[in-house]
Amino acid sequence: AAAGGLGALATGCSPPQAPPAAGPPPSSGSAADEVTGPFDWRRAEGTTIAVLLTEHPSTRVLQEELSAFTALTGVRVRTTVLPETTYFDRVTTELVSGLPHVDVFMTGACTAWQYAPPGWVEDLDPWVANPSATSAEHDDDDVLPVLQGALRWDLVFGHPVGTGGRWALPWDWDPTVLAYRADVLERLGLRPPQTLAELDEVARAAGRHMAGAVDGGYGIAVRGTSSWSTVDAGFMTQFAREGGRDYRLEGGGLAPAVADAASQEFHGRWIDMVRAAGPPRWTDQTSQGCASHLLTGRAALSYDTCSTALAGAGRAAGRLAWSPGPRGPGGDLTSNLAVRSLAMSSRSQRKVAAWLFLQWATGAEHARRAVARGCTGPVRRSVLGSSAYRDAAAVNPGYLETVDALRESARVVFTPQPSFFDTTSAWAQALQRMHAGTDPAEALRELADRMRRRA
């Protein structure tokens, strides 16, 4: 998932009256059933498809490899690449219009909660299940199960992900990790923090050091804008590890849990840490800012997704190390999961060609080539376990161990609900109010009221 203005979309979706049962839809409901005979990569030769993507290292590599796809299939690909700040507004406009302008687009787990109920995206299960449409090399079992599950949902708000239709294929993934300046912590005699209290202590101590060593230096980089993405990485990961949750099931419906006493305590501790050791302009801080400040030597730690930091370079290159971050009180290492994925528009008039592209872009061969070009989030076990990937990643101290530790504990920690983007943006704005001085209890009660009206 990426930052974008999805508030209007979020408030425009409502739960379906009769959600379909989990699993593939009836065979008569999918264009995949029209594909018969032996599998053929050149079945859609001469077709041109439109693909909408957002800026990311994986996007760059994909574009560089498109000629290989065209050589294999005879299908041409027209890509449009947009910055994160405008990307999802464009996707929403395309899908709401009902016009078949876009065949394939980048998405994530949470966006399926908005796109799938109105029928805007294709359920890919029938395509995967049809050997006439899907290459034997596709190997569904090779994809990390946690990523497969993140993109399945049964269309029932409040039900967790993991069952139901398959609304996208995993393309790249990012666990939330703690990246840090190993040289700074060593100089201060500090170890990577193992608890929330230690995170606060290390961030403050490192912040004092960085303020004296670098112009504009500070302790820990975390997101802080009013966008929903502010609660999507380090914040939500640690909140979940400490036992926090956004909603609970109550009386057959969803009840906000953010105003609970334990949640109020966590929010207060988090904001105190940000005030003492966070970015000077925290309310402007994005994921890209977290990576940039870590790499250029302004921040000593960054609690965010890992790919942007790994893909960059700067004054801190070669001095960074990675860890899973602080455990929860019971040793919990839950990591909120970002799954960059590719979906097919249900309005596409070129679905066979689009499906060939989806297979190729998420396949093992392309993943191996992407890793060779510096991409860091392969979704396939065969690539994650390859010597090429592990040798390249091993130059980053602690990175392999961190990803290995989070493979099973990474998950989508948010509750599927109809106004996800609206309520999480309101949550980010509540954090900003706390940072400005509003009491956490007051800000969270108001947030819970808004969440209750929207759910």
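Structure first, text after, so check above.
Visitor: In this structure, what is going on with the overall build of the protein? I would like to understand it.
Guide: Looking only at helices and strands, the protein has 20 helices and 13 strands in total. A globule of 455 residues ought to have a C-alpha radius of gyration of about 23 Å, and the protein, at 22 Å, matches this closely. Expressed as lengths along the three principal axes of its C-alpha atoms, the size of the protein is roughly 65 × 50 × 35 Å. Classification of the 455 residues of the protein by burial places 59% in the buried group.

Visitor: What's the story with helix H2 (residues 57-64) in this structure? I'm lost.
Guide: Side chains of residues three or four places apart in an α-helix project in the same direction, reflecting 3.6 residues per turn. Within the span of H2, buried status applies to Ser58, Thr59, Val61 and Leu62. Seen end-on, H2 carries its buried residues on one side only, within an arc spanning 165°.

Visitor: Can you help me understand unusual backbone geometry in this one?
Guide: Excluding glycine, most residues fall at negative phi; most peptide bonds, likewise, are trans. Non-glycine residue Asp139 carries a positive phi angle of around 50°. Phi at Leu155 takes a positive value of approximately 75°, unusual for a residue other than glycine. Looking at the element boundaries, Leu155 is found in the loop between strand S4 (152-153) and strand S5 (165-166).

Visitor: What is the right way to read the side chain of His138 from this model?
Guide: Secondary-structure assignment places His138 in the loop between helix H6 (125-129) and helix H7 (145-150). For His138, a relative accessible area of 8% translates into the label buried. Leaving out residues up to four positions away in the same chain, His138 has contacts with Val128, Leu169, Gln359, Thr362 and Arg380.

Visitor: Where do I start with the packing of aromatic side chains in this structure?
Guide: The description of two aromatic rings rests on the distance between their centres and on the angle between their planes. All chains considered together, the criterion is met by 23 aromatic pairs. Aromatic pair Trp270 and Tyr303: ring centres 6.4 Å apart, planes at 40°, arrangement tilted. Of the two residues, Trp270 is situated in helix H11 (residues 261-277) and Tyr303 in strand S10 (residues 299-305); the sequence distance between them amounts to 33 residues. Each member of the pair, Trp270 together with Tyr303, is buried. Of the aromatic side chains, those joined through ring pairs into one cluster are Phe235, Phe239, Phe266, Trp270, Tyr303 and Trp427.

Calculation criteria
Residues numbered from 1 in each chain as written. Predicted model: local features only at pLDDT ≥ 70, side-chain atom pairs only at ≥ 80, totals over all residues. Heavy atoms only, no water. Helix = DSSP H or I, 4+ residues; strand = E, 2+ residues; numbered from the N terminus. Rg over C-alpha atoms; globule rule 2.2 N^0.38 Å. Buried < 20%, exposed > 50% of the residue type's maximum accessible area, 1.4 Å probe, protein only. Arc of directions from axis to C-beta. Contact = heavy atoms within 4.5 Å. Phe/Tyr/Trp six-rings, centres within 6.5 Å; stacked < 30°, edge-to-face > 60°.

From the geometry alone we can't say anything about function, so treat these as descriptive.
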